[in-house]
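Below, each chain spelled out in residue letters.
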Amino acid sequence: MNKWMIPAAAAAALMAGPLAAQGDIETVCASFSNSEVASRCGAVAQAVDAAQPQLGILLAGGNPTLGTASTGGVRLGVLPRVSLTGRVNVVAARLPDIRDVETSGGQATTEQFRVPAPAVGANVSVGLTQGFSVAPMIGGFGAIDLLGSVTVLPLSLAGDDFGDNAYSWGAGARVGLIRESFVTPGVSVSVMYRDLGDVTFGTVCEGTEVPTTENRSTCTGGGDFGEIGFGLTNLSGRAAVSKRLLGLGATLGVGYDKFKTDADFAFRAPSGVGTEDIRRFRDVSVDNDRWSAFVDLSYTVLVGSLVAEVGWMQGDDAITGFPSTSDFDPGEGTFFGSIGARLSL
């Protein structure tokens, strides 16, 4: 082969479509000149952009220690105070339904797909420092608790369109401003980092897929219109205040989360000869940040507490290229909740 033919062939392959590992989710579909292909790409890319923060809040929930905003402090003895919590989180997840997309007037149209997504986890809080008093009966200022979490997403319960179960771990700290007492509420701020393994939804090719260029292929079998797959990292901050009276307690809090992902997604696109090609993108950057608010209600007897939580996370604008004809509204917020039991020692 002529030495000039190899780079020429490579350049032709790259020019055939957008690079598989370029850009971010907000603009990755803008390079398609064909409006139908761009809207199909936008429908699946929007599913990635919407799913990421919803899975993130499913892991994080609202309060990192259900039912209280007060730091645990340190015992006078050798062992620190420890709080153990088992919890089930649920998010009312909403996505563009990328399993089946219709085209009308040269634009892709998707229905809205809703599913209650669960997560089962455990949290631990370990008192590191006692803090100090700023006035009589007002203590705990500067107290530090170390926080940890492990979570499993039982995706197999949500249906065959989801992949294997995914697992997450998290670590962080909570700093007390006021420790809860008979006369004062508990007030604290916390920061946690979490990491989630890969999550998938949809299967774009159920048969044999044959690559034709770097990000295009043909499929010999059926499949969904699109598929998405990603893990994520989450950095969450929380500020909360709590108070108990005669065993009944309430916690109010606000949260701010940053989510980061390198996502893969694929979709079916017209090839121009009456058939469809598979278009794939890999390692697309997805960055989101969200505000949230939550309320906990708890009932405590001795060292045990039963807790229920409900919260809401804000939505966001649609990404570039998402078809306005779709039923899914990215700006609509997301409700989440938790139930759990806490043991404080």
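Each remark here, short or long, concerns the structure printed above.
So, a few notes on the structure that sits alongside this text. Treat the numbers as computed from the prediction; the structure is a model and nothing was measured. (Residues numbered from 1 in each chain as written. Predicted model: local features only at pLDDT ≥ 70, side-chain atom pairs only at ≥ 80, totals over all residues. Heavy atoms only, no water.)

**A few points about the overall build of the chain**
In step 1: A tally of regular secondary structure across the chain gives two helices and 14 strands.
In step 2: Looking at the chain as a whole, 47% of its 345 residues qualify as buried.
In step 3: When contacts within the chain are restricted to residue pairs at least 6 apart in sequence, those whose partners lie at least 24 apart make up 70%.
In step 4: Accessible area for the chain stands at about 15800 Å²; split by element, carbon and sulfur atoms hold 64% of it. (Helix = DSSP H or I, 4+ residues; strand = E, 2+ residues; numbered from the N terminus. Buried < 20%, exposed > 50% of the residue type's maximum accessible area, 1.4 Å probe, protein only. Contact = heavy atoms within 4.5 Å. Areas by Shrake-Rupley, 256 points an atom, 1.4 Å probe, with all protein chains shown as cover.)

**With respect to a nonpolar patch on the surface**
In step 1: On the surface, Leu84, Leu248, Tyr299, Val301, Leu302, Val303, Leu343 and Leu345 cluster together to form a nonpolar patch covering roughly 780 Å² of accessible area.
In step 2: Residue placement: Leu345 occurs in the segment after strand 14 (334-344).
In step 3: With a relative accessible area of 44%, Leu345 lands in the partly exposed category. (Patch = residues over 30% accessible without salt bridge, like charges linked within 9 Å, V, L, I, M, F, W, Y side chains within 5 Å. Salt bridge = Lys/Arg side-chain N within 4 Å of Asp/Glu carboxyl O.)

**Some thoughts on the packing of aromatic side chains**
In step 1: With the rule as written, the count across this model stands at eight aromatic pairs.
In step 2: The interplanar angle of 55° and the centroid separation of 5.8 Å between the aromatic rings of Trp169 and Tyr193 together place this pair among those described as tilted. Of the two residues, Trp169 is situated in strand 6 (residues 166-178) and Tyr193 in strand 7 (residues 186-201); the sequence distance between them amounts to 24 residues.
In step 3: The exposure class of Trp169 is partly exposed, given its relative accessible area of 45%.
In step 4: What makes Tyr193 partly exposed here is its relative accessible area of 34%.
In step 5: Taking 5.1 Å as the distance between ring centres and 20° as the angle between the ring planes, the aromatic pair formed by Phe265 and Phe281 counts as stacked. Of this pair, Phe265 sits in strand 11 (residues 248-270) while Phe281 is found in strand 12 (residues 276-301), placing the two residues 16 residues apart along the sequence.
In step 6: A relative accessible area of 1% means that Phe281 is categorised as buried.
In step 7: Its guanidinium or amino end placed over the ring of Phe113, Arg99 lies 4.3 Å from that ring's centre, counting from NZ or CZ. (Phe/Tyr/Trp six-rings, centres within 6.5 Å; stacked < 30°, edge-to-face > 60°. Lys NZ or Arg CZ within 6 Å of the ring centre and 35° of its normal.)

**Regarding unusual backbone geometry**
In step 1: Phi is positive for Leu246, which is not a glycine, with a value near 55°.
In step 2: With respect to the helices and strands, the residue Leu246 is situated in the loop between strand 10 (226-245) and strand 11.
In step 3: In this model, Asp283 sits at a positive phi of 55°, which is unusual for a non-glycine residue.
In step 4: Positionally, Asp283 belongs in strand 12.
In step 5: Classification of Asp283 as partly exposed rests on a relative accessible area of 48%.

**Remarks on the state of the cysteines**
In step 1: Going through the model one piece at a time under the given rule, you end up with two disulfides.
In step 2: The residue that forms a disulfide with Cys29 is Cys41, at a sulfur-sulfur distance of 2.0 Å. Negative torsions about the S-S bond denote left-handed disulfides, and the value of about -75° found for Cys29 with Cys41 makes this one left-handed. Of this pair, Cys29 sits in the loop between helix 1 (5-15) and helix 2 (35-60) while Cys41 is found in helix 2, placing the two residues twelve residues apart along the sequence. A single burial state applies to Cys29 and to Cys41, both of which are buried.
In step 3: The partner cysteine of Cys205 in its disulfide is Cys219, sulfur to sulfur 2.1 Å. Here the S-S torsion is close to 85°, and the disulfide linking Cys205 with Cys219 is therefore right-handed. With a gap of 14 residues between them, Cys205 in the loop between strand 7 and strand 8 (209-213) and Cys219 in strand 9 (residues 216-219) connect regions that are remote in the sequence. With respect to class, Cys205 is no different from Cys219; both count as buried.
In step 4: Each bonded cysteine in the chain gets a number by its place in the sequence, and the pairs come out as 1-2, 3-4. (Disulfide = S-S within 2.5 Å.)

**Here we look at the pattern of salt bridges**
In step 1: One pass over the full model with this rule turns up 13 salt bridges.
In step 2: We note a salt bridge from Arg87 to Glu309, for which the minimum N-O separation is 3.7 Å. Of this pair, Arg87 sits in strand 1 (residues 82-96) while Glu309 sits in strand 13 (residues 304-313), and the two are 222 residues apart along the sequence. For the pair shown, Arg87 and Glu309 are each scored as buried.
In step 3: Linked by salt bridges that have partners in common, Arg94, Arg114 and Glu332 make up one network.

**Focus: the environment of Gly139**
In step 1: By secondary structure assignment, the location of Gly139 is in the loop between strand 4 (112-129) and strand 5 (144-153).
In step 2: Owing to a relative accessible area of 17%, Gly139 belongs among the buried residues under this scheme.
In step 3: A C-alpha to C-alpha distance of 5.8 Å links Gly139 and Ile178, two positions 39 residues apart in sequence.
In step 4: If we ignore the near neighbours within four places in the chain, the residues touching Gly139 are Phe132, Ser133, Ile178 and Arg179.

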